[in-house]
Amino acid sequence: MNRVSVDEARELWLREDDEELKRLAGEVRRRYHEPDRATYMVMRIINYTNVCVAQCDYCAFYVLPNQEGGYVLSGEEVFAKIDELLEFGGDLVGFNGGFNPRLPLDYYCDLFASVRERYGERVEFYALTVAEFVFLADRAKLSYAEAAARLRGAGVHWVTGGGSEILTEDFRARHAKWKYTVADYLEAQRAIVESGMRTTATMVIGFDETLDERLEHLQRTRDFQDETGGLFSFLCWTYKPYGTAFGGREISAQEYWRHIALSRIFLDNVEHIRTSVLTQNEEAFRALDYGADDFDLPIEDEVTQKAGARISLDLEGLLAIPRRLGYRVEYRRAERPSAVATH
Ligand code: SF4
């Protein structure tokens, strides 16, 4: 199968049944992965602060500065959470918090350096999302290249593509007008790749985005990968509406699976397509039949839990599901420093 255009992808979505989407997605998946193999990680998202000025209307997590209930985790609290992750057999931390104007870049550099010093190679961490990185660099009045160099100097290897939701300017204006522009986001992510750090692509569906907006997001992702080759993976999850200002309803698991298939077909230049156990629970594993090859087993993420996500700590029970579907599941360690390019 040749690369599909946006128009062809729209036709696939509108006209093809699940079996055909699965067949085509399976064709692209087999270019990268054995058909019956899936990989996973055990990880924890550490939400280091819930104070945020961005005020996205789909978020149930944040409080404004000076509002009651705001927090910033201490180093000891962060270490305790990492120690607990190690007890669960996990080795990946994702730091994710709000746009807290009281935290300077030094707070982050000190935190990441202390985690690296304490845990060495036992733990890998996704330091920030691109969205937080944009905010930090702007607050510090640094170029994206300068901010990326500071993080690298603090021992950071990964700044992941979180906070992208739907990468269209219209979507951002409707729901998150103080977060960043799409142009800023992509420029920052390019600087992250050029600094030698690794990054990933993400997407969230199920707000009020149109099919064309979903396709624009996929097109931007594929173009970015063509230009930089810097995306390790693509992870899509679904919006949780509970407790948010925007509200709404959850989309069906079937719609999610079909979107995973369309993403696998369209993103022919991205090796890993990841399915979201955090937001789809047991239903996430069926996405392996629709072209996904990898997933996390998260033990905590306050952002999505506040909006209604449910986390199971019965990891063996969860792993039994893809096994029943016929997959060999293998643990995948996050890439370690030696595998990260240096400039
Ligand atoms: S989604 Fe992130 S940036 Fe937006 S309000 Fe919530 S914490 Fe802030």
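Computed from a predicted model, the values in this text were never measured in an experiment.

Peer 1: Teacher, can you tell me more about the overall build of the chain here?
Peer 2: Each helix and strand counted, the chain has 13 helices and nine strands in total. The globule rule puts the C-alpha radius of gyration for 343 residues at 20 Å, and the 19 Å found for the chain is close to it. In terms of its C-alpha atoms, the chain occupies a principal-axis envelope of roughly 50 × 45 × 40 Å. In the chain, buried positions account for 59% of the 343 residues. Across the chain, the fraction of contacts at a sequence separation of at least 24, relative to all contacts at a separation of at least 6, is 75%. Carbon and sulfur atoms make up 48% of the accessible area of the chain, which totals about 13800 Å². The average position of the 42 basic charges and that of the 58 acidic charges among the side chains of the chain differ by 1 Å.

Peer 1: Whenever I open this one, the pairing of strand β8 (residues 294–298) confuses me. Can you help?
Peer 2: Each regular strand displays side chains that alternate between the two surfaces of the sheet. With five of five residues buried, β8 lies mostly within the body of the structure. Residues of β8 alternate between two faces, with Asp294, Asp296 and Pro298 on one and Phe295 and Leu297 on the opposite face, all of them buried. Both strand β1 (residues 37–46) and β8 contribute to a ladder of five bridges, which runs parallel. Bridge pairing in β8 places Val42 opposite Leu297. In this structure, strand β7 (residues 272–275) lies alongside β8, joined through two bridges in parallel fashion.

Peer 1: What am I meant to see in the environment of Asp83 here?
Peer 2: Relative to the elements of secondary structure, Asp83 occurs in helix α3 (residues 75–87). Judged by its relative accessible area of 28%, Asp83 falls in the partly exposed class. Remark: the alpha-carbon pair of Asp83 and Val93, spanning ten residues in sequence, is separated by 11 Å. Dropping the residues within four chain positions of it, Asp83 is found in contact with Arg118 and Tyr119. Within the structure, the side chain of Asp83 is placed 2.7 Å from the side chain of Tyr119, a separation counted as a polar contact.

Peer 1: What exactly am I supposed to notice about empty space enclosed by the protein here?
Peer 2: Left-over empty space is what a probe sized like a water molecule reveals as it rolls over the atoms. One pass over the structure, following the stated rule, counts four cavities of 30 Å³ or more. Estimated volume of the largest cavity: approximately 910 Å³. Residue classes in the lining of the largest cavity are distributed as 25 nonpolar, 16 polar and seven charged. What the second largest cavity holds in volume is close to 70 Å³. Lining the second largest cavity we find 14 residues, and of these Leu167, Tyr185, Gln189, Ala201 and Thr221 sit closest to its centre. Ranked by the residues each element gives to the lining of the second largest cavity, the list is headed by helix α9 (residues 211–228), at four residues. In the lining of the second largest cavity, the residues fall into six nonpolar, seven polar and one charged.

Quick notes on the rules
- Residues numbered from 1 in each chain as written.
- Predicted model: local features only at pLDDT ≥ 70, side-chain atom pairs only at ≥ 80, totals over all residues.
- Heavy atoms only, no water.
- Helix = DSSP H or I, 4+ residues; strand = E, 2+ residues; numbered from the N terminus.
- Rg over C-alpha atoms; globule rule 2.2 N^0.38 Å.
- Buried < 20%, exposed > 50% of the residue type's maximum accessible area, 1.4 Å probe, protein only.
- Contact = heavy atoms within 4.5 Å.
- Areas by Shrake-Rupley, 256 points an atom, 1.4 Å probe, with all protein chains shown as cover.
- Lys, Arg positive; Asp, Glu negative; His and termini not counted.
- Charge placed at Lys NZ, Arg CZ, Asp CG, Glu CD.
- Pairing = 2+ DSSP bridges.
- Polar contact = N/O pair within 3.5 Å; in protein donor to acceptor, adjacent residues only side chain to side chain.
- 1 Å grid on protein atoms, 1.4 Å probe; cavity = no way out; pocket = protein on both sides within 12 Å on 5 of 7 lines; lining within 4 Å.
- Points joined across faces, edges and corners; volume = space filled by probe spheres on them.
- Nonpolar A, V, L, I, M, F, W, Y, C, P; charged D, E, K, R; others polar.

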